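# Structural description and commentary
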Amino acid sequence: SKSLSDEENLKLFGKCNNPHGHGHNYKVVVTVRGEIDPVSGMVINLTDLKEYMQEAIMEPLDHKNLDKDVPYFAEVVSTTENVAVFIWENLKKLLPMGTLYKVKVYETDQNIVVYKGEETI
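The structure contained in this document is the topic of the report that follows. (Residues numbered from 1 in each chain as written. Predicted model: local features only at pLDDT ≥ 70, side-chain atom pairs only at ≥ 80, totals over all residues. Heavy atoms only, no water.)

## What about the layout of surface pockets?
Over the atoms a probe the size of a water molecule is rolled, and this reveals where empty space is left. Its volume calculated, the second largest pocket comes out at about 270 Å³. Lining the second largest pocket are 14 residues, with Trp88, Lys92, Gly98, Leu100 and Lys116 sitting closest to its centre. Of all the elements in the fold, those that place two or more residues in the lining of the second largest pocket are helix H4 (80-94) and strand S2 (100-106). A per-element tally of the lining of the second largest pocket places H4 first, with 3 residues. (1 Å grid on protein atoms, 1.4 Å probe; cavity = no way out; pocket = protein on both sides within 12 Å on 5 of 7 lines; lining within 4 Å. Points joined across faces, edges and corners; volume = space filled by probe spheres on them. Helix = DSSP H or I, 4+ residues; strand = E, 2+ residues; numbered from the N terminus.)

## Details of helix H2 (residues 46-61)
Its 16 residues place the ends of H2 21 Å apart at the C-alpha level, agreeing with the 22 Å of an ideal helix rising 1.5 Å per residue. Bending of H2 peaks at approximately 40° at the position of Gln54. Taken together, the buried positions of H2 are Leu49, Ala56, Ile57 and Leu61. On the buried face of H2, the contacting elements are strand S1 (27-32), helix H3 (66-69) and H4. (Expected span 1.5 Å × (residues − 1). Bend = angle between axes of the 7 residues up to and from the residue. Buried < 20%, exposed > 50% of the residue type's maximum accessible area, 1.4 Å probe, protein only. Contact = heavy atoms within 4.5 Å.)

The following block contains the structure:
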């Protein structure tokens, strides 16, 4: 985090605190919801979903240094939580309104973040 000292970053992020960055092979699971089309039998065509995921996830993030290559993370700490928010926001722009239900990002098999968007009351 640019807002923390080197010592504070080390204390907060531990081994993930590397001034030159470090890599992850994230796994992303996207869940959609909605009414099943009686003709196609689908909520959304999986071919379309795959294209949306390519545009919203793979193109901006795959084989990138998030902190240096992705403008969003210039001011946002590239935690898995914020990666999930980034993916949600990108997908939400592409998917039919109301169909995006959940984004699950696996940093490792044990470190998983689930994001369902912002709740409004």
